[in-house]
Amino acid sequence: MKKAEETKQIILDKAYELIYSNGYNATSIDDIIHASRLTKGAFYYHFKNKEEMALAMLNDVLIPYLQETMVQPLNNTVSPADDLYGMVSYLLLDDPYFEPAFGCPLGNLIQELAPTNGSLNSALLTITNEWEEAIVKCVNHGKKTGLLKAETKAKQVATMIMSGYWGARLLGKIHASNAPYKVYLKELKQYLQSI
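Residues numbered from 1 in each chain as written. Predicted model: local features only at pLDDT ≥ 70, side-chain atom pairs only at ≥ 80, totals over all residues. Heavy atoms only, no water.

Draft legend 1. The arrangement of the overall build of the chain in detail. Scanning the chain from N- to C-terminus turns up 9 helices and 0 strands. The order of helices and strands in the chain, counted from the N terminus, is α-α-α-α-α-α-α-α-α. Counting every position in the chain, which comprises 195 residues, the buried fraction comes to 45%. If you take every contact in the chain between residues at least 6 apart in sequence, the share linking residues at least 24 apart comes to 70%. With the model as given, the accessible surface of the chain reaches about 10200 Å², and the carbon-plus-sulfur share is 54%. Here the chain carries 19 positive and 21 negative side-chain charges, and the mean point of each set is 3 Å from the other. (Helix = DSSP H or I, 4+ residues; strand = E, 2+ residues; numbered from the N terminus. Buried < 20%, exposed > 50% of the residue type's maximum accessible area, 1.4 Å probe, protein only. Contact = heavy atoms within 4.5 Å. Areas by Shrake-Rupley, 256 points an atom, 1.4 Å probe, with all protein chains shown as cover. Lys, Arg positive; Asp, Glu negative; His and termini not counted. Charge placed at Lys NZ, Arg CZ, Asp CG, Glu CD.)

In structure tokens form, the structure reads like this:
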């Protein structure tokens, strides 16, 4: 990796860490520069402003990771109910990059930015739609193979899983604990066995 690419990656990684733990609006360019141990010139060489940097952080750091953890586990599903449960369980209990006290980085950014920022909202909507489509595809595969009931409504399942996941993350955030995750996962397992 060339020096300029390494510098850009350092900025994006530090920006992700700060924005995840503190929020987008509470994280300044100066905070990112300080945490990166770089100069303002290095930051502005790569990004003209905070929004441009945040869009790069979404596209180059967060979205690829979310695709790997939320979308790819549902591709080529063999046991849809187990794969859906496994994906959510991993995100809540095993993902080494998501902390209960900080919630879900995607959910946090949606809450903070969706109403106010067009370009960032568009990137957040894209990954959210990809996740929803992966769940729908997984459920439809289960219906087709007879592993899930034919009358199961895939889009409703996606909405229930996604909203439940984000709700559990919010409860975990306010309690700084993964205890709400365990309650949600128990109910999710029962729900998936019923569809």
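Draft legend 2. Looking closely at the pattern of salt bridges. For the structure on display, the rule yields 3 salt bridges. Across the pair E132 and K155 runs a salt bridge, and its minimum N-O distance is 3.4 Å. In this pair, E132 is assigned in helix 7 (residues 118–145) and K155 in helix 8 (residues 154–175), connecting sequence segments 23 residues apart. (Salt bridge = Lys/Arg side-chain N within 4 Å of Asp/Glu carboxyl O.)

Draft legend 3. Fine view of helix 1 (residues 3–22). In a regular helix each residue adds 1.5 Å, so 20 residues correspond to 28 Å; helix 1 covers 28 Å between its end C-alpha atoms and thus fits that length. T7, I11, L12, A15, Y16, L18, I19 and Y20 are the residues of helix 1 that are buried. In this structure, the buried residues of helix 1 make contact with helix 2 (29–36), helix 3 (40–46), helix 4 (50–71) and helix 6 (105–113). Phi turns positive, to about 100 degrees, at G23, one or two residues after helix 1. (Expected span 1.5 Å × (residues − 1).)

Draft legend 4. Region of interest: unusual backbone geometry. The residue R37 is not glycine, and still its phi comes out positive at about 60 degrees. With respect to the element layout, R37 can be found in the loop between helix 2 and helix 3. For R37, a relative accessible area of 77% puts it in the exposed group. Here N76, not a glycine, exhibits a phi torsion of approximately 55 degrees, which is positive. Tracing the backbone shows N76 in the loop between helix 4 and helix 5 (80–94). Look at N76 and you get exposed, because its relative accessible area is 74%.

Draft legend 5. Representation of the packing of aromatic side chains. In total, this model carries 9 aromatic pairs according to the counting rule given. Here the aromatic rings of Y16 and Y20 are separated by 5.7 Å at their centres, their planes lie at 15 degrees, and the arrangement is stacked. With Y16 and Y20 both in helix 1 and 4 residues apart, the pair spans about one turn of that helix. Relative accessible area serves as the criterion here: at 7%, Y20 is assigned to the buried category. Seen in terms of ring centroids, F43 and Y44 are 5.2 Å apart; in terms of plane orientation they differ by 80 degrees. Their pairing is edge-to-face. Using a relative accessible area of 1% as the deciding quantity, one classes F43 as buried. The structure contains a cluster of three or more aromatic residues connected by ring pairs, namely Y16, Y20, Y65, Y97, F98 and F102. (Phe/Tyr/Trp six-rings, centres within 6.5 Å; stacked < 30°, edge-to-face > 60°.)

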